Amino acid sequence: MKITHILSIVFLFLGSSFLSIAHAQQEHIARLELGKKKKKTFNSRDSSAVIYIDTLIMKDKSSLQFYGKKDIKLVVKHAEIGKGAFISGIGGQNNASEFDIDINLNKLGSLYVIARGQDAMNGTKTDPNGDGGNVSFKYDPNGITPQTADKKQANYVYIDVSAGGRAINPISDLNQIYSRIAMSAPGLRGMPQGQVYSGSPGKEGKVTISSFSP
């Protein structure tokens, strides 16, 4: 009886894991080349994404953009990246995506990973200031080792996990709220869902940059 009970628990756990993977956007791309300022968007209805790219070529200021993704796993076997390229992700409710990136950098100008929380924008959006995402950036030691000290030099990586709401001016935010209330019907009908959100910033995310064994 005990063995049967244990097996039932194991199968239940595995079943739930497979179910969560099944609900993720899964994509294997043999080769993805983005020209200067071009972008590739991932915006399916799935709340997470698992993307494998054999060869990724990103010209200057090109981008990979993820929308509506809470968790993103990105594996790149061979990457050639120009200057000012970026990878960005935003989940729900103004919160940034969580990134787990494994990448083999064979050429690198500068790469920005943007996982910052969005601002609440009282009067137009209906969620509080968002949290920055947690980003794990792992690079292949057989390729280029990125540096984070000097953005003017090659091989530069910058990861932004700042919280939403840090750049908001409280005075202008209040003026916008008062203006919308004044122009609306009595009460808070001029506000989205009749709500005013706190001006407190969200939580800042965490960054880990390390090498991995291929």
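Quantities reported herein were computed from a predicted structural model and do not represent experimental measurements. (Residues numbered from 1 in each chain as written. Predicted model: local features only at pLDDT ≥ 70, side-chain atom pairs only at ≥ 80, totals over all residues. Heavy atoms only, no water.)

**Q** Tell me what's going on with the sheet that holds strand β5 (residues 71–81), and back it up with residues and numbers.
**A** A sheet is described by the order of its strands in space; here six strands give the open sequence β1-β3-β5-β7-β9-β11, paired in parallel fashion. Each having just a single partner strand, β1 (25–34) and β11 (207–211) make up the two edges of the open sheet. Strand-to-strand twist in this sheet, taken as the mean axis angle between neighbours without regard to direction, amounts to 15°. In this sheet, strand β3 (residues 48–58) lies alongside β1 in parallel orientation, the contact comprising nine bridges. (Pairing = 2+ DSSP bridges. Helix = DSSP H or I, 4+ residues; strand = E, 2+ residues; numbered from the N terminus. Axes fitted to C-alpha atoms, helices over the stretch in contact; angles between N-to-C directions.)

**Q** With reference to specific residues and values, describe the confidence of the model for the protein chain.
**A** A low pLDDT score tells you not to read the predicted coordinates there in detail. In the predicted model, the protein chain carries a mean pLDDT of 83, and 71% of its residues have values of at least 70. Across residues 1–21, confidence stays below pLDDT 50; counting only partners more than four residues off in sequence or on other chains, it has one contact. (pLDDT = per-residue confidence, 0-100. Contact = heavy atoms within 4.5 Å.)

**Q** How would you explain the environment of Gly89 if you had to name every residue and give the values?
**A** Relative to the assigned elements, Gly89 resides in strand β6 (residues 85–90). In contact with Gly89, not counting residues within four places along its chain, are Phe66, Ile72, Ala96, Ser97, Phe99, Ile114 and Ala115.

**Q** How would you summarise the pattern of salt bridges if you had to cite specific residues and measurements?
**A** Considering all chains together, one arrives at six salt bridges under this definition. The partner of Lys73 in a salt bridge is Asp102, with the nearest N and O atoms 3.2 Å apart. Highlighted residues: Lys73 in strand β5 and Asp102 in strand β7 (residues 98–108), separated in sequence by 29 residues. For Asp102, the salt bridge goes to Lys138, with nearest N and O atoms at 3.1 Å. Here Lys138 lies in strand β9 (residues 135–139) and Asp102 lies in strand β7, a separation of 36 residues in the sequence. Given a relative accessible area of 14%, Asp102 falls into the buried group. What you see here is one network of salt bridges that share partners, running through Lys73, Asp100, Asp102 and Lys138. (Salt bridge = Lys/Arg side-chain N within 4 Å of Asp/Glu carboxyl O. Buried < 20%, exposed > 50% of the residue type's maximum accessible area, 1.4 Å probe, protein only.)

**Q** With reference to specific residues and values, describe the sheet that holds β6.
**A** Read from one edge of the open sheet, five strands run β2-β4-β6-β8-β10, paired in parallel fashion. In the strand order of this sheet, the two ends are held by β2 (39–42) and β10 (156–160), each with one partner. Across this sheet, the average inter-strand angle for adjacent strands is 10°, counted without regard to direction. Relative to β6, strand β4 (residues 63–67) runs parallel, the two being bridged by five bridges. Note on β6: the bridge partner recorded for Leu64 is Ile87.

**Q** Which residues make up the pairing of strand β8 (residues 110–114), and what values do they have?
**A** Burial analysis of β8 places four of its five residues in the buried class, the great majority of the element. One ladder, built from four bridges, connects β6 with β8; its direction is parallel. Residue pairing in the sheet places Ser88 in a bridge with Ile114 of β8. Here five bridges tie β8 to β10, and the two strands are oriented parallel to one another. The residue of β10 that forms the bridge with Ile114 is Asp160.

**Q** Lay out the side chain of Asp160 with the relevant residues and their values.
**A** Within the secondary structure, Asp160 sits in strand β10. For Asp160, the side chain forms a polar contact with the side chain of Arg116, separated by 2.9 Å. (Polar contact = N/O pair within 3.5 Å; in protein donor to acceptor, adjacent residues only side chain to side chain.)

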